[in-house]
Amino acid sequence: MYLIGSTSDDPYLFRTFVHAALPSGDCLGHVGTELVYATVLDLPRGSRRSRSTWFPLVPAAAIKDRSDLEPPFQVEPGEVGRGVNSAGLAFAIALAVERPKARTGVPEGRHEPVRFCDVSRRMMNECHTVDDALNLLQHIPAITPAFSVMLADAEGHLAQVEVGAYGTAVHERYSKENPGVAIAVNCYQSKELNGFNLPEAELHATQNNNGCRSSRGWDLVQEQMKQGKLLDVSTFRDILSDHEHRDRDPAENPLLKWWGYSICNHGTRKQDAYEADAAPWGTVSAEVLEPAKKLLHYNYGWACGEGAEFQDQLFQSHSWSHFASFRSPSAGEHTGRGGGRPVACTTVKGELLAEASQFLCTAF
């Protein structure tokens, strides 16, 4: 059965937390990750704690309250970035850095691009299989922002599909009968869409981090296969903890300055202050999705477990160094907390909330 492994790379102030959405009516339940700025977070929905912000964790000189900050890409409250639902459909995304599309008005009979947050909500609420999700995606003419979407289901299907302003293209499809591996980075790879990448994002552009992270991923997968090892949760942890190319200077990345080059990404400006307007990017969490068991294995911060080397790597000293496994809620479970409202399981500083106990499958 297929697994999906991912790193969530973002500005260190832009954090993931785990939430679980309970089944409601015809909507499936799911468990997944959500992104939010730590400085403007009161508390994730479902918390029993009082309203507060997270400044005690941030070095006093590091950052001021920046409630004016816009997300680095379009994200809506409650939006799932990685998740698995109660039918066993899992997905993860990698932002595809596409060329801006000239706006000449919306052609007659066409529509504005559909927000990905609305698409991901439908996938988690309605879709049972990879085929269901592909059918949904392929019937939408344009989606914003652009993503490479990895899909897997409990029946043993895997697909990599790319979506954005220029359309939808299925890049890879595999099954139990036709096994394979797919690796997504922050660009289009399909023959239909790779001509629409921003030049700085091209896979073959040696100065960005797409090519080196992709090739390193393939090397690690091939090493595991040569040794006869399965691509299981433990193997994915090793891959997502890899530091090859960490010594390259993040300032030289033309795709996004101050974003590092390793899979387990330690991007930094090597500063004692976090500058929100020129923020370093790195891995704020790592995830493995296991659709056959309807599990999200989640690691807050770097999967390698190291602490922050510089103060601009906010919150990273709280990296867990282990996966916690969360199970998607299913119909008939967790009664009394219905309505489809997401329940927060962790906080943006890596704390486990009391509500997590009903979904947590491993000792924390």
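Residues numbered from 1 in each chain as written. Predicted model: local features only at pLDDT ≥ 70, side-chain atom pairs only at ≥ 80, totals over all residues. Heavy atoms only, no water.

The name given to the protein in an unreviewed UniProt entry is Peptidase C45 hydrolase domain-containing protein, with the source organism recorded as Durusdinium trenchii.

(A) Expanded view of the pairing of strand E10 (residues 167-174). Relative to E10, strand E9 (residues 158-164) runs antiparallel, the two sharing seven bridges. By the bridge assignment for E10, Val-163 is matched with Thr-168. Linking two consecutive strands that pair antiparallel, namely E9 and E10, is a turn of two residues. (Pairing = 2+ DSSP bridges. Helix = DSSP H or I, 4+ residues; strand = E, 2+ residues; numbered from the N terminus.)

(B) Region of interest: the nonpolar core. Formed by 73 residues in total, the largest nonpolar core has its most connected members in Phe-91, Phe-116, Met-123, Val-149, Leu-151, Val-163 and Phe-326. Setting aside its immediate chain neighbours within four residues, Val-163 contacts Phe-116, Leu-137, Ile-143, Ala-146, Phe-147, Val-149, Thr-168 and Tyr-188. In this structure, Leu-3, Val-233, Val-288 and Ala-303 belong to the second largest nonpolar core, which totals eight residues. (Core = buried A, V, L, I, M, F, W, Y, C linked by side-chain atoms within 4.5 Å. Buried < 20%, exposed > 50% of the residue type's maximum accessible area, 1.4 Å probe, protein only. Contact = heavy atoms within 4.5 Å.)

(C) Inspection of unusual backbone geometry at higher detail. The amide bond that connects Thr-144 to the next residue, Pro-145, takes the cis arrangement and shows omega of -10°. With respect to the helices, strands and loops of the structure, Pro-145 is situated in the loop between strand E7 (143-144) and strand E8 (147-153). Positive phi outside glycine occurs at His-245, with the angle close to 80°. Position of His-245 among the secondary structure elements: in the loop between helix H4 (233-240) and strand E11 (281-290). Even without being glycine, Lys-270 reaches a positive phi, approximately 60°. Residue position: Lys-270 is located in the loop between H4 and E11.

(D) Seen up close, helix H3 (residues 210-226). When the terminal C-alpha atoms of H3 are compared, their 24 Å separation across 17 residues agrees well with the 24 Å that a helix rising 1.5 Å per residue should span. Within H3, burial applies to Asn-210, Cys-212, Arg-213, Ser-214, Arg-216, Gly-217, Leu-220, Val-221 and Gln-224. Lining the buried residues of H3 we find strand E1 (4-11), H4 and E11. Just past H3, the residue Gly-228 takes up positive phi, approximately 75°. (Expected span 1.5 Å × (residues − 1).)

(E) Looking closely at the pattern of salt bridges. Across all of its chains, the model carries 14 salt bridges by this definition. For Glu-126, the salt bridge identified is with Arg-122, shortest N-O distance 3.2 Å. With Glu-126 and Arg-122 both in helix H1 (residues 116-126), this residue pair falls four residues apart, about one helical turn. The class for Glu-126 is partly exposed, based on a relative accessible area of 43%. When the shortest N-O distance is used, the salt bridge between Asp-242 and Arg-216 registers 2.9 Å. In this pair, Asp-242 is assigned in the loop between H4 and E11 and Arg-216 in helix H3, connecting sequence segments 26 residues apart. Using a relative accessible area of 17% as the deciding quantity, one classes Arg-216 as buried. Each of Glu-76, Arg-115, Asp-118 and Arg-121 takes part in a single network of salt bridges with overlapping partners. (Salt bridge = Lys/Arg side-chain N within 4 Å of Asp/Glu carboxyl O.)

(F) Region of interest: the confidence of the model for the protein. Per-chain confidence: the protein averages 88 in pLDDT, with 85% of residues scoring 70 or above. Here residues 40-66 is modelled with pLDDT under 50, and outside its nearest four sequence neighbours on either side it reaches 61 contacts, counting other chains as well. Confidence over residues 335-339 falls short of pLDDT 50; this stretch has six contacts with residues more than four positions distant or in other chains. (pLDDT = per-residue confidence, 0-100.)

(G) Structural context of a negative patch on the surface. The grouping of Asp-219, Glu-223, Glu-244 and Asp-247 at the surface amounts to a negative patch. Tracing the sequence through the fold places Glu-223 in helix H3. (Patch = residues over 30% accessible without salt bridge, like charges linked within 9 Å, V, L, I, M, F, W, Y side chains within 5 Å. Areas by Shrake-Rupley, 256 points an atom, 1.4 Å probe, with all protein chains shown as cover. Lys, Arg positive; Asp, Glu negative; His and termini not counted. Charge placed at Lys NZ, Arg CZ, Asp CG, Glu CD.)

(H) Examining the sheet that holds E11 more closely. Spatial strand order, E1-E11-E12-E13: four strands in an open sheet with antiparallel pairing. Pairing within the sheet leaves two strands with one partner each, and these edge strands are E1 and strand E13 (324-327). Taken over all neighbouring pairs, the strand axes of this sheet differ in orientation by 25° on average, direction set aside. Both E11 and strand E12 (residues 295-300) contribute to a ladder of six bridges, which runs antiparallel. Considered in E12, the bridge of Ala-286 is made with Asn-299. Against the sheet, H4 makes contact with E1, E11 and E12, and its axis sits at roughly 165° relative to E11, the strand it touches most. (Axes fitted to C-alpha atoms, helices over the stretch in contact; angles between N-to-C directions.)

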